[in-house]
Amino acid sequence: MKFAVVVFPGSNCDHDAYHAVKHVLGQDAEFVWHKDASLRGADVVLLPGGFSYGDYLRTGAIARFSPIMREVTRFAAGGGPVIGICNGFQVLLECGLLPGAMLRNRSVQFQCEFVHVRVEQVDTPFTAACVPGQVLRIPIAHGEGNYYAEPDVLTALEANRQVIFRYTTASGDVTEAANPNGSLNNIAGICNTQRNVVGLMPHPERACELAVGSRDGLVVLESVVKSVSSAGGALAGSPQ
Amino acid sequence: MTSGPISDSVLERHGLKRDEYARILEMLGREPTLTELGIFSVMWSEHCSYKSSRVHLKTLPTTGPRVLQGPGENAGAVDIGDGLAAVFKIESHNHPSFIEPYQGAATGVGGIIRDIFTMGARPIALLNSLRFGSLDLPLVRRTMTGVVAGIAGYGNSIGIPTIGGEIGFDESYTGNPLVNVFCLGISRADEIIKGTASGAGNPVYYVGAKTGRDGIHGATMASAEFDDKSAEKRPAVQVGDPFMEKLLLEACLEVMKTDTLVGIQDMGAAGLTCSTCEMGSRGGAGVEIDVSLVPQRETGMTPYEIMLSESQERMLLVVKRGREAEVERIFEKWDLHAVCIGTVTTDGRMRVKDRGTVIAEIPNTALTDEAPLYRRPMQEPAYLAEVRRFDPAELGAPAAPAAVLRRLLASPGVASKRWVYRQYDHMVRTNTLVTPGMGAGVVRIKGTTRALALSADCNARFVYLDPYVGAQLAVAEAARNVACAGGEPIGATNCLNFGNPEKPEVMWQFAKAVEGMGAACRALGIPITGGNVSLYNETDGRAVLPTPVLGMVGLLEDADRAVRRTFREAGDVIVLLGESKAEIGGSEYLKVMHDRIAGSPPALDLAREAGLQRLLVAGAKTGLIRSAHDCAEGGLAVTVAESCFDTGIGAVVDLEAVGAPDQALTSVMTLFSESASRAIVSVVPARVPELLELAREHGVPARRIGLVGGSTLRFGIDGVPVAEVALAEAQEIWETALERALEVEPALA
């Protein structure tokens, strides 16, 4: 199974995602340059973290215009699994593949630390191997991860079970203190209505080996391998 | 190329002395043009020429079996096995960080990262060593918040983890903070690239950000004291663009994989001037450029401004003739334009043209090797006699030890720096095995079994009290910190922060410190592969504490054996390695409880220190040592407390077991003395004899002093508590002190 790791100018978690997929998970991974027009037959698309275009206008605001994003949008429309992590999530918000927006963290500071997130739904390709309510200990590293959506959008997200990850305590309780950045409803990650596009602020790819503090994030990548395999590769809806 | 005679006021504005000007006349055989004067001014500034420090720096040990690159290049390099090199250096950005804290610190990070990737190495870790005044002052709080945000803003964006460092506080840094930044990168040992220009006719390329008027005379500013007019120097501080640097980093590393480059150098201090003449000088060649070809951000820039601009994120490359298209193509991919601005020549001169007309022509060596060299007068400072007269008896009856411990844990120098390092992305690149706040930072080297332990250290109070011994202690502490993590110290870089070298007392401090540093490095077998000198750290005539910071690199053969500072399990035995003596001079205790910096620093036996470090590395290799923490600021009590923090498990320590039988130590001395060459380690009970035997073999005294367990930090004699603080309370004090001092709302998380 092949993962396309999209590289924007300013991506800086691209190597980490590649390492997690290729060397920890043992799957094929390929960097895809943002100016490329093809995903080269990938089964999964991963938009990594970083500061695409320096995040100078708004986080992810310029990356959405990269040529590869047209292909990513088509791939997603065809049902292909797409995950955006941190800046990748921000890009997905900017290009409209996911609803809502990011505000600066409540602390008005960049925050890098381990947090706990609860898996809310397991019917997405990126949570299929999780147990409902499973709590993952994975790190965040962002300055703008304070998720915001208009009230009607938020209501719809909750009604459609599109909230996939929520910040909680270690025991899985949604509390204000467990919310690191002020996100509405403690939202850490969401999916689209088709459920094949997932974005989250925490970094599962940074939590795939005990040596670096946790392997709780690996299940997210394992999930998509399981989903694509059991669908016989049929998830990838882009014409190859 | 003619101009009138240069007036005194013009010379003064350029920071040049009359006799230096006479030398310029002699070297050129004529009056310099204003552009040439500007070029001499920056290249002969203290910052670029090391004119006051070079004679002393030459005495430092810079060679060793692992050294691949010593001083003189953009960074040093040591062999770490598997055909790989660790390329590293530390550099200061003190003056800009006072004038504009965010940009000053940010561009400091940008500058040191360029020094590393210029050598062909991919940067994988950053450290910083910071000093600020008292946080009681709003100015200092603003400076510190800005510096931390600037470091975070640059390092996070470019995606290099900041994995450790140190922060100290003293009133002397109020108007002159220290911002020292260390970067380490990894390259193939046989693919290190030099900053050299050679091969007549090879094209010289400029790539990166356009040149603007920012930072003109930054190097000259960094070579003068501050006064009340320094705030007006704000335009001399550069503005950083980490996104541009990220593009440059990736593009340069990609170009370096091809075989198209002769040499490459970043444009840091003194910008285009420095990179041009240094590359030419190293390669024994000349370089000719035309400033009209240099991409410019502003209109109407003069050649003088273009040559002296310190705009950030710019590189100068010498490309092999005939390979230009390959190089240009790679930069285009990254949306960067590589522009040919000149060629390499054979005449050893730096020739600058403006639309074809020569406006400066100077032999490279006049600007580099033949720059002024001073053996400045030295004199032992008068304050030393006074501080040496210190007698602990004059302090009166000590406060209750538990109260002292609480005070020390709340001291900004000791307190948790989480507020700081939480703002740094310390996990990106997924190599960080030991995160900030847990001792030396440790990063694994992917594709190998190895890891590197990194630490930056200096106790400036000790250096102030005795520059020779103090600098030795700084080397010892930095090396001990990486050894605690299991790393064998294999190389170091230094950042020497001192006052005005024209004052004999400051020069004396500097010379003694360098001498001590050299002696310690020789005794411990650690080469210094490069570094940086920052002088004129003075405000209104008052110098900072002499602060020679060491950036230390330790090598772990087995990344899985990295040791953290925290205790692991209740029931483990706490062992003190080394000897506690009645040494309170220069201690945190004396500063916090009595507001004094006095006495003598702790004595240092370098053979004992070397034995301790070998013991720590050996004990880590076999998994015998389960935790190890260097015993430094705040002494034994603070060290034990920090070993408990974040574990939820307390400790019980028997103070009678701490001191050697022949040392009748008071409780205060036992708890808070800062004797050198000590570490607190923990071990499973069954392996205590093994550890004691290993210690004996290494000539290190080792004593079983307590047990991990309980919910308090309990220090007692014969079971009677001398000091006892609930662990939760101690941790709360330690964790929140810095935020409280900065008057920042504690984060909700």
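Relevant structure appears above.
Quick notes on the rules
- The numbering scheme is per chain: residues are counted from 1 as the chain's sequence reads.
- In the order they appear in the text, chains get letters beginning with A and ligands get numbers beginning with 1.
- Since the coordinates come from a predicted model, pLDDT governs what is reported: local features require at least 70, and pairs of side-chain atoms require 80 or more to be given and counted, while whole-chain, interface and lining totals use all residues.
- With hydrogens and water set aside, each side-chain value is computed from the structure's full complement of heavy atoms.
- Put simply, DSSP marks the helices as runs of H or I at least four residues long and the strands as runs of E at least two long, and each gets a number from the N terminus on.
- Only the C-alpha atoms count toward the radius of gyration. The rule for a globule is 2.2 Å times the residue count to the power 0.38.
- Only heavy atoms matter for contacts: two residues are in contact if any of them lie within 4.5 Å across the pair.
- Areas reported here follow the Shrake-Rupley algorithm with a probe of radius 1.4 Å; residue values treat only the protein chains shown as occluding.
- Positive charges come from Lys and Arg alone, negative charges from Asp and Glu alone, with His and the N- and C-terminal ends not counted.
- Just so you know, the charge point we use is NZ for Lys, CZ for Arg, CG for Asp and CD for Glu.
- What counts as a disulfide here is a pair of cysteine sulfur atoms lying within 2.5 Å.
- Burial classes follow relative accessibility: with a 1.4 Å probe on protein chains only, a residue under 20% of its type's maximum area counts as buried, one over 50% as exposed, and anything between as partly exposed.
- We define the nonpolar core as a collection of buried residues of types Ala, Val, Leu, Ile, Met, Phe, Trp, Tyr and Cys that are connected through side-chain atoms lying within 4.5 Å of one another.
- The criterion for strand pairing is that DSSP finds at least two bridges linking the strands in question.
- Here the axes come from fitting lines to C-alpha atoms, over the contacting stretch only for helices, and the angles between their N-to-C directions go from 0 to 180 degrees.
- Buried area is calculated as the accessible area (1.4 Å probe) missing from two parts once they are joined, with the contributions of both summed.
- The working definition used for a salt bridge is a side-chain nitrogen of Lys or Arg within 4 Å of a carboxyl oxygen of Asp or Glu.
- By the criterion applied in these results, polar contacts are pairs of N or O atoms within 3.5 Å in which, for protein atoms, one can donate a hydrogen and the other can accept it, and in which residues neighboring in sequence qualify only through two side-chain atoms.
- Between rings of Phe, Tyr and Trp, where Trp is taken as its six-membered ring, a pair exists when centres lie within 6.5 Å; planes separated by under 30 degrees are stacked, by over 60 edge-to-face, and by other angles tilted.
- A ring is considered to have a charge above it if a Lys NZ or an Arg CZ atom is located within 6 Å of its centre and within 35 degrees of its normal.

Novice: Can you walk me through the overall build of chain A in this structure?
Specialist: A tally of helices and strands in chain A yields five helices and 11 strands. Against the compact-globule benchmark of 18 Å for 240 residues, chain A has a radius of gyration of 16 Å, which places it among compact chains. Within chain A, contacts between residues separated by at least 24 positions form 77% of all contacts whose residues are at least 6 apart in sequence. For chain A, the accessible surface area stands at approximately 8,100 Å², while carbon and sulfur atoms represent 54% of it. Between the centroid of the 18 positive side chains of chain A and the centroid of its 22 negative side chains there is a distance of 3 Å.

Novice: Would you explain the state of the cysteines in this entry?
Specialist: A covalent bond between the sulfur atoms of two cysteines is referred to as a disulfide. What the rule picks out here adds up to zero disulfides over all chains. No disulfide involves C13(A); its nearest neighbouring cysteine sulfur is the one of C86(A), lying 6.4 Å away. A disulfide-free cysteine, C183(B) has its sulfur positioned 14 Å from the sulfur of C495(B), the nearest such atom. C183(B) gets classed as buried once you look at its relative accessible area, which sits at 0%.

Novice: Help me understand the nonpolar core in this model?
Specialist: Grouped together as the largest cluster of nonpolar side chains are 134 residues, with contacts concentrated most on F165(A), M144(B), L317(B) and F331(B). A total of 10 residues in this core trace back to one element, the largest contributor, which is helix α10 (residues 242-257) of chain B. Once residues within four sequence positions are removed from consideration, F331(B) is found in contact with V207(B), A251(B), C252(B), V255(B), L317(B), L336(B) and A338(B). Membership of the second largest hydrophobic core comes to 72 residues, among which are I90(B), I124(B), V475(B) and A478(B).

Novice: I keep staring at the sheet that holds strand β7 (residues 203-208) of chain B and nothing clicks. Help me out?
Specialist: Pairing between the strands of a sheet is mediated by backbone hydrogen bonds and can be parallel or antiparallel. All names here are of chain B. Read from one edge to the other, the open sheet built from seven strands follows the order β8-β10-β7-β11-β9-β12-β13, with strand pairing classed as mixed. Of all strands in the sheet, those bounded by a partner on one side alone are β8 (261-266) and β13 (357-363). Neighbour-to-neighbour, the strand axes of the sheet open up by a mean angle of 20 degrees, direction not taken into account. The strands touched by helix α11 (residues 271-283) within the sheet are β8, β9 (286-290), β10 (314-319), β11 (339-345) and β12 (349-354), with β8 carrying the most contacts at an inclination of about 145 degrees.

Novice: Is there a simple way to think about the interface of chain B and chain A in this case?
Specialist: Think of interface size as the accessible area that goes away when the parts come together; that is how it is often given. Taken together, the contact pairs 33 residues of chain B with 31 residues of chain A. Taken together, both faces of the contact between chain B and chain A bury some 2,700 Å²; the carbon and sulfur share is 57%. The interface formed by chain B and chain A contains five salt bridges. K35(A) serves as the salt-bridge partner of D335(B), at 2.9 Å between the closest nitrogen and oxygen. Contributions of two or more residues to the side of chain B that touches chain A are made by α8 (138-158), α10, α13 (324-333), α17 (418-421) and β14 (432-434) of chain B. Ranked by residue count, the leading element in the side of chain B that touches chain A is α10(B), at four residues.

Novice: In this structure, what is going on with the side chain of R444(B)? I would like to understand it.
Specialist: Mapped onto the fold, R444(B) is located in strand β15 (residues 441-444). Among the polar contacts listed, one links the side chain of R444(B) to the backbone oxygen of T430(B), at a separation of 2.7 Å. Once residues within four sequence positions are removed from consideration, R444(B) is found in contact with H19(A), E209(A), A211(A), V212(A), T430(B), N431(B), L433(B), R450(B), A451(B) and A559(B).

Novice: When you look at the packing of aromatic side chains in this model, what are you seeing that I'm missing?
Specialist: For any pair of aromatic rings, geometry is given as the distance between the ring centres together with the angle between the planes. Applying the stated rule across the entire model yields 13 aromatic pairs over all chains. Ring plane angle 15 degrees and centroid distance 6.5 Å describe the contact between F51(A) and F110(A), whose orientation is recorded as stacked. Pair noted here: F51(A) is in the loop between β3 (44-47) and α2 (67-77) and F110(A) is in the loop between β5 (101-103) and β6 (111-119), with a separation of 59 residues, a long-range link. Side by side, F51(A) and F110(A) carry an identical accessibility label, which is buried. In this structure, R137(A) is placed above the aromatic ring of F114(A), and the distance from its NZ or CZ to the ring centre is 4.0 Å. Note that K333(B) overlies the ring of W33(A), its terminal NZ or CZ placed 4.9 Å from the centroid.

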